[in-house]
Amino acid sequence: MGTVGDARDQRKGGEVRSVWLRPRRATRGEPPLTLTRIVEAAVALLDEEGIERLTMRRLAERLAVVAPSLYWHVDTKDDVIDLAVDAIFGEVPVPAPGGPDWRGDITAVLSGWRAALLRHPWAAAVPARQRPTIGPNFLASMEVLQATLVRAGFTGGGLSAATWALYNHVMGSASTESTLRITDEERRVGQEQLRAEHDRYPTLAAHGYLYDDDWDGSFNTGLDYLLDGLQAQLDRTG
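Residues numbered from 1 in each chain as written. Predicted model: local features only at pLDDT ≥ 70, side-chain atom pairs only at ≥ 80, totals over all residues. Heavy atoms only, no water.

### Considering the UniProt feature "DNA-binding region" (unreviewed entry) in the chain
Argument step 1. Taken from the UniProt record, the annotation "DNA-binding region" (unreviewed entry) applies to residues 55–74.
Argument step 2. As a span, residues 55–74 carries 60% helix and 0% strand, and end to end its C-alpha atoms are 13 Å apart. (UniProt positions renumbered as here; feature names shortened; annotations may be inferred. Helix = DSSP H or I, 4+ residues; strand = E, 2+ residues; numbered from the N terminus.)

### A short note on the nonpolar core
Argument step 1. Ranked by size, the top nonpolar core spans 56 residues in total, and within it Leu59, Leu70, Leu110, Trp113, Leu149 and Leu166 carry the most contacts.
Argument step 2. Listing elements by their share of this core, those giving two or more residues are helix H2 (35–49), helix H3 (56–63), helix H5 (77–89), helix H6 (102–119), helix H8 (136–152), helix H9 (156–179) and helix H12 (215–237).
Argument step 3. Here the element with the most residues in this core is H2; it accounts for eight residues.
Argument step 4. Split by domain, the residues of this core number at least three in each of domain 1 (30–87) and domain 2 (93–125 + 133–237).
Argument step 5. Non-local contacts of tryptophan 113, meaning those with residues more than four positions away in its chain, are made with Phe89, Val92, Phe138, Ser141, Met142, Leu145, Tyr167 and Val170. (Core = buried A, V, L, I, M, F, W, Y, C linked by side-chain atoms within 4.5 Å. Buried < 20%, exposed > 50% of the residue type's maximum accessible area, 1.4 Å probe, protein only. Domains from an automatic or database assignment. Contact = heavy atoms within 4.5 Å.)

### Examining the packing of H6 against H9
Argument step 1. It is at 10 Å that the axes of H6 and H9 come closest, and there the two elements cross at 25 degrees. When the axis of H6 is compared with that of H9, the two are roughly parallel. The crossing of H6 and H9 is right-handed. Contacts between H6 and H9 pair Ile106, Leu110, Trp113, Arg114, Leu117 and Leu118 from the former with Leu166, Tyr167, Val170, Met171, Ser173, Ala174, Glu177 and Ser178 from the latter.
Argument step 2. Considering only residue class, the contact of H6 with H9 consists of ten nonpolar, two polar and two charged. (Axes fitted to C-alpha atoms, helices over the stretch in contact; angles between N-to-C directions. Parallel < 35°, antiparallel > 145°, perpendicular 65-115°, else oblique. Left-handed = near helix turned anticlockwise from the far one by under 90°. Nonpolar A, V, L, I, M, F, W, Y, C, P; charged D, E, K, R; others polar.)

### Thoughts on H6
Argument step 1. Between its first and last C-alpha, H6 extends 26 Å over 18 residues, near the 26 Å set by a 1.5 Å rise per residue.
Argument step 2. Along H6, the positions that sit buried rather than exposed are Trp102, Asp105, Ile106, Val109, Leu110, Gly112, Trp113, Arg114, Ala116 and Leu117.
Argument step 3. Each element contacted by the buried residues of H6 is listed here: H5, H8, H9 and H12. (Expected span 1.5 Å × (residues − 1).)

### A closer look at the confidence of the model for the chain
Argument step 1. Averaged over all residues, the pLDDT of the chain equals 85, while 87% of them reach at least 70.
Argument step 2. Below pLDDT 50 for its whole length, residues 1–11 participates in zero contacts with residues either more than four positions away or in separate chains. (pLDDT = per-residue confidence, 0-100.)

### Observations regarding the packing of aromatic side chains
Aromatic ring pairs are described here by two measures, namely the spacing of the ring centres and the angle between the planes.
Argument step 1. Applying the stated criterion across every chain, the model contains six aromatic pairs.
Argument step 2. Aromatic side chains phenylalanine 89 and tryptophan 113 sit 5.9 Å apart centroid to centroid with 85 degrees between the ring planes, which places their arrangement in the edge-to-face category. You can see phenylalanine 89 sitting in helix H5 and its partner tryptophan 113 sitting in helix H6, a full 24 residues away along the chain.
Argument step 3. Measuring from centroid to centroid gives 6.2 Å for tryptophan 113 and tyrosine 167, while their planes differ by 80 degrees, and the two rings are edge-to-face. Of this pair, tryptophan 113 sits in helix H6 while tyrosine 167 sits in helix H9, and the two are 54 residues apart along the sequence. Just as tryptophan 113 is buried, tyrosine 167 falls in that class too.
Argument step 4. The rings of Phe89, Trp113, Phe138, Trp164 and Tyr167 are connected pair by pair, giving a single aromatic cluster. (Phe/Tyr/Trp six-rings, centres within 6.5 Å; stacked < 30°, edge-to-face > 60°.)

This is the structure in structure tokens:
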């Protein structure tokens, strides 16, 4: 006979955790409580108070229902977060694939992702620590991104590497910009300390490391570097 630990391990290996991959439960309970209402309320709560404050009880209070009513639509708080993240990507205009300028199409997709994540700062770090981002809104954008890379000439492992290099650039940039907290006085004192230890950190002292907060410029220049590198790879492989 298996132990409780064995059963738990089997659950972990065999269960389907993503809300996007489980069959949708038949709707019951209060007719006004729809999945759309739940997601809208969750996004508003997350925007106002952050992910640490999101609980099923607080979400139910915002919707003026009892918490068990939520469970006809979602199983866990993680489900709510997955749905809310996909709602964020639903704000991103998806360019029609197939245009002549593959770099421009990719820039449009990634700039849209970044803008949406910065409007909802709690969302920037969620995909990295939650389940795979596979909601329909995100997949629509990812489809355009990969289709554009295929049109440019990427296939196989090169397509995967290019996709994730671009994805990580957006997510890393938005996450850092959204979460970094540093005061003007901390910048000043920190940079003075770097200058005092110039022999150890000569480059950081000389180039104002702690004053480097041109987020838009860094994102756009970094994206240009990535696209230049991708173009160079295409040129090498013909």
